[in-house]
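Notes for the structure review
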Amino acid sequence: MPVVNSQSLETMLEVPSKHPCIKNVELYLEVIDHPVAVKVEKDYSNGGDMANKNSRSEEAAEVINLTGDKDSDSGVSDPCLCGLWLEDHDMRVGLCFRDVDELKKAVDWCFIKGLHKSIVRETGTDEFMSECIRWNCKWSLGAAKLEKHGLFEIIKYTGPHTCRPIEPANFSSEFEADEIKPVVRVHPTLSFAELSEWWQTKTGYGLETKDARAAKEEAVKRVFGGDWDQSFEDLPKLMSAFRSSNGLLVDWRYDLFPNPKFASFSGVFWAFPQSIQGFQHCRPLIVVDTKELNGKYQLKLMIASGLDAASKCLPLAFAVTKEVSSDSWRWFLTNIREKVTQRKGLCLISSPHPDILAVINEPGSQWQEPWAYHRFGLKQFWSQFCREFPGYHGLRSLLWRAGMTSQREEFENNIETIKKDNPEARRRLDQTPQSQWALAHDGGRRYGIMELDTAALFSECRGFELPDHVLTGSVLLLFDELRDCFDECSLFSRFSLNCGDVYTKPVMDKLEEFRKASVAYLVMPLENNAFQVAAPPSGNDKWIVQLSDYCTCTCGDFQKFKFPCLHALAVCKKLKINPLQYVDDCYTCERYYKTYSAAFSPVPKLSAWPEDSGVPRLFPP
């Protein structure tokens, strides 16, 4: 920072009090006749007390005089050199700088103070032009080196900024959202990859997927986030665009007004054929859950998902409804059966909510055995139990252990303890079939899945959370995440196949863990192709493994995950047979690839979204 007068000198001496992290202030002096750098260092590391500020100013002034700094004898008055670091200064026409580097630093300092950012649009040997990096801001500055004094002088300035300040930590995402907003306004369904490519072309440097996602999320919020009522009118056009480009399956619910051209929104169900096709290669399991959509009308998002070969969630179907009730659950589950899958023997995992139970237990429901096997998320079942029996903390832990264990003996021990501690609680548990909440009695239907995890619908590294958007914006972002999920998993599964992998990495990692642990186990053959496996060194812990028809182990893990547990691996090693023959086909890399093999087609621009003639003009619920 140039020190040109007493005010700038005072500013220099105040630095430690305003910036505690700075302990030393260094002043460099140059003799004009004989260029010599003189360093004067003030050490404020002992607290930075500014009580002696005046004496320090005088001391610094004495040092300046000692350096031989002389006034010019040319008779030409010095130009106005800028003190941009001062709080009361800003850019203006007429300010001069020794060279272009000093000018750039001054511009940067002004932008840092004002929480803005600039970009140099054109620069030459004797000229400089800078603009605000945000396209919708009018701030600009032009400077040139003038012959009359040989300094860079500001000759053109338009200010102040017409954009709002941004905190430094948020500047990148805010700036990217600003730049992407005009593109999203025209073509809101561009993928993250397409936006990154556009950004590369525009700026010359790449934009990571996570940054493109954050920028688009903010841009969508700005484009569609202002008018909740208008979003109900726009949504049929978006769904129609999805249907014409990607074959979307959709079902509307609304309450007609006396004039049938108008209606009040009640709900919409949708599912993409890409997900439906992919589910054919997943294990026969569907998880359903709900999520609050924050906003003006407090809508509810209903979600159905499958589980792919890598044990990640495959989004199957969505619905937005004004309320969650037995009627809305009936509508949602019926649409899944009619539009998504007719597979027999499905395992349906849900909360134990009475509305869901009422729908599933209705006569003729296709969610009853043998068409489907209903299971509860243990956390939801446990929470319901805790509400009915508050204050019994010991019962809570016993119930959780009983539900999570895959060994029947351990399950029975926990149940008996519950009976001794609270007979009423045991009678309450007897009212619910043990197969619906206890892993030990599941029969292998739920593949070890015990909890509902809506956040895991999309890649865990993304930590997907639907932000506070209007309805159309929320549906757009769900589509973005679904398409990106397909692109990412398709790429990863193709790589695994090209590497010659037969089963997905999570399964192979687990088998390797079991293999290392099974080395020391003792195996003894029994009758009917069964084997006893004992843990060393005492051999007191024993398990029975059956490999022929049932593929079971008394530890419960073999039938729970449908691939060999460590005890089964010990038997396979003893018999010198390949344990991979006992791994369920749902874990193969081939199925993983086929799950995500269907590609999404481009969606037309906003101006080309077709009207849905079958849906009246919708108003809020």
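Note that the structure is predicted; figures quoted are calculated from it, not measured. (Residues numbered from 1 in each chain as written. Predicted model: local features only at pLDDT ≥ 70, side-chain atom pairs only at ≥ 80, totals over all residues. Heavy atoms only, no water.)

For the rest of this paragraph, the subject is the packing of helix H12 (residues 378-388) against helix H15 (residues 423-430). The angle between the axes and the distance between the axes are what describe a pair of packed helices. The geometry of H12 relative to H15 is characterised by a closest axis approach of 12 Å and an angle of 140° between their N-to-C directions. In terms of orientation, H12 lies oblique with respect to H15. As for the relative orientation of H12 and H15, their crossing is right-handed in sense. In contact with Phe381, Gln384, Phe385 and Glu388 of H12, H15 contributes Ala425, Arg428 and Leu429. (Axes fitted to C-alpha atoms, helices over the stretch in contact; angles between N-to-C directions. Helix = DSSP H or I, 4+ residues; strand = E, 2+ residues; numbered from the N terminus. Parallel < 35°, antiparallel > 145°, perpendicular 65-115°, else oblique. Left-handed = near helix turned anticlockwise from the far one by under 90°. Contact = heavy atoms within 4.5 Å.)

According to UniProt, the "coiled-coil region" (unreviewed entry) feature falls on residues 401-428. Secondary structure content for residues 401-428 is 86% helix and 0% strand, while the C-alpha to C-alpha distance between its ends is 17 Å. (UniProt positions renumbered as here; feature names shortened; annotations may be inferred.)

Annotation from UniProt places "domain: SWIM-type" (unreviewed entry) at residues 543-576. Secondary structure over residues 543-576 splits into 44% helix and 18% strand, and the C-alpha atoms at its two ends are 19 Å apart.

This part is about the state of the cysteines. Evaluation of the coordinates by the stated rule reveals zero disulfides. Looking at the unpaired Cys485, the closest cysteine sulfur is the one in Cys489, lying at 4.3 Å. Overall, the relative accessible area of 4% leaves Cys485 in the buried class. (Disulfide = S-S within 2.5 Å. Buried < 20%, exposed > 50% of the residue type's maximum accessible area, 1.4 Å probe, protein only.)

Here we take up the sheet that holds strand E17 (residues 542-546). The strand order across the open sheet built from four strands is E15-E16-E17-E18, with neighbouring strands paired in antiparallel fashion. Either end of the sheet is taken by a strand with one partner, and the two such strands are strand E15 (522-525) and strand E18 (552-553). Relative to strand E16 (residues 530-534), E15 runs antiparallel, the two sharing four bridges. By the bridge assignment for E16, Val523 is matched with Val533. Along the sheet face, helix H20 (residues 566-575) touches E15, E16, E17 and E18 and points at about 110° away from the line of E16. (Pairing = 2+ DSSP bridges.)

With that out of the way, let us pick up the pairing of strand E13 (residues 346-350). With respect to burial, E13 is a largely interior element, five of its five residues being buried. Residues Leu346, Leu348 and Ser350 line one face of E13 and the alternating positions Cys347 and Ile349 line the opposite face, and both faces are buried. Note: E13 against strand E14 (residues 372-376), five bridges, orientation parallel. Counterpart to Ile349 in the pairing with E14 is Arg375. Handedness of the crossover joining E13 and E14 through helix H11 (residues 354-360): right-handed. (Right-handed = clockwise from strand over helix to strand, strands pointing away.)

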